[in-house]
Amino acid sequence: MDARKAKSRAAIVAAFSELLREEDYGKITVGDIIARAHVGRATFYGLFKSKDDLLAEFVCDICTHALDDDGTPLNDPLVQVEHILNNLWDRRQGVRALVAGAGSRVFADCLRKTIMSRAAETVPVDPAGPASTMDRNFLLHHIASSFVATVQWWAWHNFQAPKEDVAKDYLSAIKPLFN
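Because the structure is predicted, anything quoted here is derived from the model rather than measured.

Residues apart from glycine generally show negative phi values, whereas peptide bonds are mostly found in trans. For His 38, which is not a glycine, the phi torsion comes out positive at approximately 60°. Residue classification places His 38 among the exposed residues on the basis of a relative accessible area of 70%. If you check the backbone angles, Phe 159 has positive phi at about 55° while not being a glycine. Along the chain, the position of Phe 159 falls in the loop between α8 (136-156) and α9 (163-174).

Turning our eyes to something else, we now look at the environment of His 141. Locating His 141 in the fold gives a position in helix α8. For His 141, a relative accessible area of 38% puts it in the partly exposed group. For His 141, the contacting residues outside a window of four places in its chain are Arg 112 and Met 116.

All right, on to the nonpolar core then. The nonpolar side chains of a soluble globular protein tend to be buried with one another. By size, the foremost hydrophobic cluster in this structure holds 52 residues, and its most contacted members are Ile 12, Phe 107 and Phe 147. Element by element, the count of residues in this core is highest for α8, at nine residues. Residues contacting Phe 107, with those up to four places away along its chain left out, are Val 59, Ile 62, Val 95, Leu 98, Val 99 and Val 151.

Note that Lys 163 resides in helix α9. There is no salt bridge for the buried Lys 163, and the closest opposite charge comes from Glu 164, which lies 5.0 Å off by N-O distance. Once residues lying within four places of it in the same chain are set aside, the contact partners of Lys 163 are Leu 85, Asn 86, Trp 89 and Trp 154.

The next thing to look at is helix α5 (residues 77-90). For α5, built from 14 residues, the straight-helix expectation of 20 Å at 1.5 Å per residue is met to within 8% by its first-to-last C-alpha distance of 20 Å. Of the residues making up α5, those classed as buried are Gln 80, Val 81, His 83, Ile 84, Leu 85, Asn 87 and Leu 88.

This part covers the packing of aromatic side chains. Using the criterion set out here, one finds seven aromatic pairs in the structure. Plain terms: the ring middles of Phe 44 and Tyr 45 are 5.1 Å apart, the flat faces sit at 85° to each other, and that makes the pair edge-to-face. Taking the relative accessible area as the measure of exposure, Phe 44 reaches 0% and is therefore buried. Taking relative accessible area as the criterion, Tyr 45 reaches 41% and is therefore assigned partly exposed. By way of ring pairs, the aromatic residues Phe 44, Tyr 45 and Phe 48 are connected into one cluster. Lys 51 extends its terminal NZ or CZ atom over the ring of Tyr 25, reaching a point 4.2 Å from the ring centre. Over the ring of Trp 89 we find Arg 92, and its NZ or CZ is 3.8 Å from the ring centre.

This part takes up the pattern of salt bridges. Tallied over the entire structure, the rule returns five salt bridges. With a shortest N-O distance of 3.8 Å, Arg 105 and Asp 109 are connected by a salt bridge. Pair noted here: Arg 105 and Asp 109 are both in helix α7 (residues 104-122), with a separation of four residues, about one helical turn. Residue classification places Arg 105 among the exposed positions, given a relative accessible area of 60%.

So, on to the packing of α5 against α8. α8 packs onto α5 with a crossing angle of 40° between their chain directions and a minimal axis gap of 12 Å. As judged from the angle between their axes, α5 and α8 are oblique. Seen from above, α5 lies across α8 with right-handed handedness. On α8, the residues that touch Val 81, Ile 84, Leu 85, Leu 88 and Trp 89 of α5 are Phe 147, Val 151 and Trp 154.

The topology assignment puts Val 151 in helix α8. The buried category is assigned to Val 151, whose relative accessible area is 0%. Residues Val 151 and Ala 35, spaced 116 residues apart in sequence, show a C-alpha to C-alpha distance of 32 Å. In contact with Val 151, not counting residues within four places along its chain, are Leu 85, Leu 88, Val 95, Phe 107 and Leu 111.

Conventions and cut-offs
Residues numbered from 1 in each chain as written. Predicted model: local features only at pLDDT ≥ 70, side-chain atom pairs only at ≥ 80, totals over all residues. Heavy atoms only, no water. Buried < 20%, exposed > 50% of the residue type's maximum accessible area, 1.4 Å probe, protein only. Helix = DSSP H or I, 4+ residues; strand = E, 2+ residues; numbered from the N terminus. Contact = heavy atoms within 4.5 Å. Core = buried A, V, L, I, M, F, W, Y, C linked by side-chain atoms within 4.5 Å. Lys, Arg positive; Asp, Glu negative; His and termini not counted. Salt bridge = Lys/Arg side-chain N within 4 Å of Asp/Glu carboxyl O. Expected span 1.5 Å × (residues − 1). Phe/Tyr/Trp six-rings, centres within 6.5 Å; stacked < 30°, edge-to-face > 60°. Lys NZ or Arg CZ within 6 Å of the ring centre and 35° of its normal. Axes fitted to C-alpha atoms, helices over the stretch in contact; angles between N-to-C directions. Parallel < 35°, antiparallel > 145°, perpendicular 65-115°, else oblique. Left-handed = near helix turned anticlockwise from the far one by under 90°.

This is how it looks when you write it as structure tokens:
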């Protein structure tokens, strides 16, 4: 992508992020986004198919950021969950707006898919405990859905619980599956 397109894309994403903090997703229009970003309608549609496409990319960026490998050793489940929560905490304004608004389903679906992918890499193929009798896809979906529900709960409570406590509580809820 050339520098001009990259600059326009960054301006659109920044404007969208700001608008999400001010307004529910359902009330934001493409006109609002392009006015805030100071770009034309053709520029917007040259980069995104629709407002929903922009939302999906925005959510995927948050989810990807949450799972970024910054050198933190991620072989310990507690460290891994804390790492993800810490990265979501860094973007808590956008996460809160997405969890509370009309974009909540897109956010939950993207985060669930992302966590399922990570869980597929880290959960043993032949786990111990009750998980050993479960269909693997069901198990991964359950782990990811529980995590999404945890993040939603945390956001609905304005991220007041310390991320370390949230991570420990989440793992305490799913750990019995593997004992």
